[in-house]
Amino acid sequence: MITIKGLHKKFGKLHVLKGIDANIKEKEVVVIIGPSGSGKSTLLRCINYLEEPTEGEIIVDGIPLTSEANINKVREEVGMVFQRFNLFPHMSVLDNIMLAPMKVRKMSKADAEKVALDLLDKVGLNDKASAYPEQLSGGQQQRVAIARALAMKPKVMLFDEPTSALDPEMINEVLDVMKTLAKEGMTMAVVTHEMGFAREVGDRVIFMDEGRIIEEGTPDHFFNAAKEDRTKTFLSKIL
Amino acid sequence: MNFDFDLIVRSLPLLLMGAGITIQITAISVGIGLLIGMFVGIARLSKNWAVKMAATLYVDFIRGTPLLVQIFIIYFALPLILGQRIDPFVAAITACGINSGAYVAEIFRGGIQSIDKGQMEAGRSLGMTWGQTMYHIILPQAFKRIIPPLGNEFIAMLKDSSLVSVIGFEELTRRGQLIIARTYGSFEIWLTVAVIYLIMTLTISRLVDYLERRYKIG
């Protein structure tokens, strides 16, 4: 579904990604972990071109990210959930979800509303359709953000530290929605510090440090039989 | 000195008509300014070098030269190129509109820049184009934030529009001058003219306060 070859990203002199090669298969849940500044968010943001790669090749669902037209096409198929939710504060929850399907997919208002209400049901917020983002808790906002991304019926979902800005008691309500998605067979790439989620839901774990992939494998391999010293050091600090 | 109150009463209808024209020219100019300002403000943030440069030159030129000189250029100098006289009203709204556009552009630029970067990213990540995201997400939020400075610009324009009296356009200030030329009632008329301007500007600033409170959410 996603192929990344020789990906480099520099911000000025800062070399953030130093040659990443990775694949994400259909229906696979890949969890990307690593210390802050290891480039994991940047990697995720390159996949839908929110960051422009300095070098390398990215192919999403057979479409190479080369032209502006291709980039927009890929973004239609790739949903993204941000650390800070990024809901549209001037719109109701329902309008937040309906906007892109109507403008990009040219869905009728009635159809978009039906999709939106179904998704709100799915994330357990069908009573919040007419609320505004600021009236919701962080966990509720993030669930709306997931529903908003899902409304485009994406083939892949990217999660950029979706629970890092949440109060602890709200983390599980968001993780539960993500687990449901994973069970339904959604292809997912998740940057997170939630090791419980990685262990339980991940098909594969990628450990990054200083702009490189250090080690990857099944959660079982990772949490029980990690080979690299840097992986072991990292895991010993957070587990 | 005699204070001729009767002169004020007699002049009031003419002055109020002038005030109406002042409001008209201000509203049209700010309207033109909003349109120019929105596009130029966005252009100032463009990644395209030429677009950004052109927008910057326009803003610098307009803000760096007096409105009075700009009015002269449009009314006296431009006809020499066009080979055709320009109607004072057209000259007035053109000069004021182009002038206002530069100030409004800076207001828009600031408003757009104040919107969190995550909003554009969220819109783009959903597959919307840059233009769609700008139109549906960024501008509506920016617009709410720039209501107070836009109100200030409206007030400034209303006062500055008195400058078009120099090309003989009969707005409030020019009406006052004409009445004084006939009656020599400088004190009474200028005082009245000032009070009429004051009433207009205070009304606008109250209106802006109201709008600001109303659109506070978001």
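For the structure, see preceding data.
Attention here is on the structure that accompanies the text. Within every chain, residues take consecutive numbers counted from 1 along the sequence as written. Here every chain gets a letter starting at A, and every ligand a number starting at 1, in the order they are written. Per-residue local features are limited, in this predicted model, to residues with pLDDT of at least 70; the limit for side-chain atom pairs, both in listing and counting, is 80 or more; totals at the level of whole chains, interfaces and linings are taken over all residues. Side-chain measures here rest on the full set of heavy atoms in the structure, leaving out hydrogens and waters.

All names here are of chain A. Only strands joined by at least two bridges in the DSSP assignment are considered to pair. Secondary structure elements are taken from DSSP: a helix is a run of H or I of four residues or more, a strand is a run of E of two residues or more, and numbering for both begins at the N terminus. The 6 strands are arranged E6-E7-E8-E3-E9-E10 in an open sheet whose pairing can be described as mixed. Each edge of the open sheet carries a strand with a single partner, namely strand E6 (78-81) and strand E10 (212-217). For this sheet, the mean angle separating the axes of adjacent strands, direction not counted, is 20 degrees. Two strands pair when backbone bridges link them, and strand E3 (residues 29-33) and strand E9 (residues 204-209) are joined in this way by 4 bridges, in the parallel orientation. Among the inter-strand pairings, isoleucine 33 is bridged to a residue of E9, identified as phenylalanine 207. Along the sheet face, helix H1 (residues 40-47) touches E3, E6, strand E7 (156-160), strand E8 (187-191) and E9 and points at about 150 degrees away from the line of E7. Angular values range over 0 to 180 degrees, each being the angle between N-to-C directions of two axes fitted as lines to C-alpha atoms, with helices fitted over their stretch in contact. Two residues qualify as a contact provided that any one of their heavy atoms is within 4.5 Å of a heavy atom in the partner residue.

Turning our attention to the packing of helix H3 (residues 93-103) of chain A against helix H5 (residues 138-150) of chain A. All names here are of chain A. Taken N-terminus to C-terminus, the directions of H3 and H5 make an angle of 25 degrees; their axes are 8 Å apart at the nearest point. Here H5 runs roughly parallel to H3, going by the angle between their axes. H5 is crossed by H3, and the crossing has right-handed handedness. Of the residues in H5, those touching H3 at Val93, Asn96 and Ile97 are Val144, Ala147 and Arg148. In the contact of H3 with H5, the residues fall into 4 nonpolar, 1 polar and 1 charged. Orientation labels follow simple angle bins: below 35 degrees gives roughly parallel, above 145 gives roughly antiparallel, 65 to 115 gives roughly perpendicular, and whatever is left gives oblique. Whether a crossing is left-handed or right-handed is set by the direction in which the near helix is turned from the far one by less than a right angle, anticlockwise for left-handed and clockwise for right-handed. Put simply, Ala, Val, Leu, Ile, Met, Phe, Trp, Tyr, Cys and Pro go in the nonpolar bin, Asp, Glu, Lys and Arg in the charged bin, and everything else, Gly too, in the polar bin.

This brings us to the interface of chain B and chain A. Opposite the 21 residues of chain B that make contact, chain A presents 25 residues. Computed with a 1.4 Å rolling probe, the buried area is the accessible surface lost when two parts are put together, summed over both parts. Summing both sides of the interface, chain B and chain A together bury roughly 1,900 Å²; the carbon and sulfur share of this comes to 59%. When the buried area of chain B at its contact with chain A is split by residue, Arg124(B), Ser125(B) and Leu126(B) rank highest and sum to 32% of it. The salt bridge definition used is simple: a Lys or Arg side-chain nitrogen within 4 Å of an Asp or Glu carboxyl oxygen. Seen at the junction of chain B and chain A, the total is 1 salt bridge. The salt bridge partner of Glu121(B) is Arg45(A), with a shortest N-O separation of 2.5 Å. In protein, a polar contact requires one atom able to donate a hydrogen and another able to accept it; more generally it is a pair of N or O atoms within 3.5 Å, and residues adjacent in sequence count only if both atoms are side-chain atoms. Where chain B packs against chain A, one counts 7 residue pairs in polar contact (both at pLDDT 80 or more). Counting residues per element, the ones that place at least two in the side of chain B that touches chain A are helix H5 (117-125) and helix H6 (130-145) of chain B.

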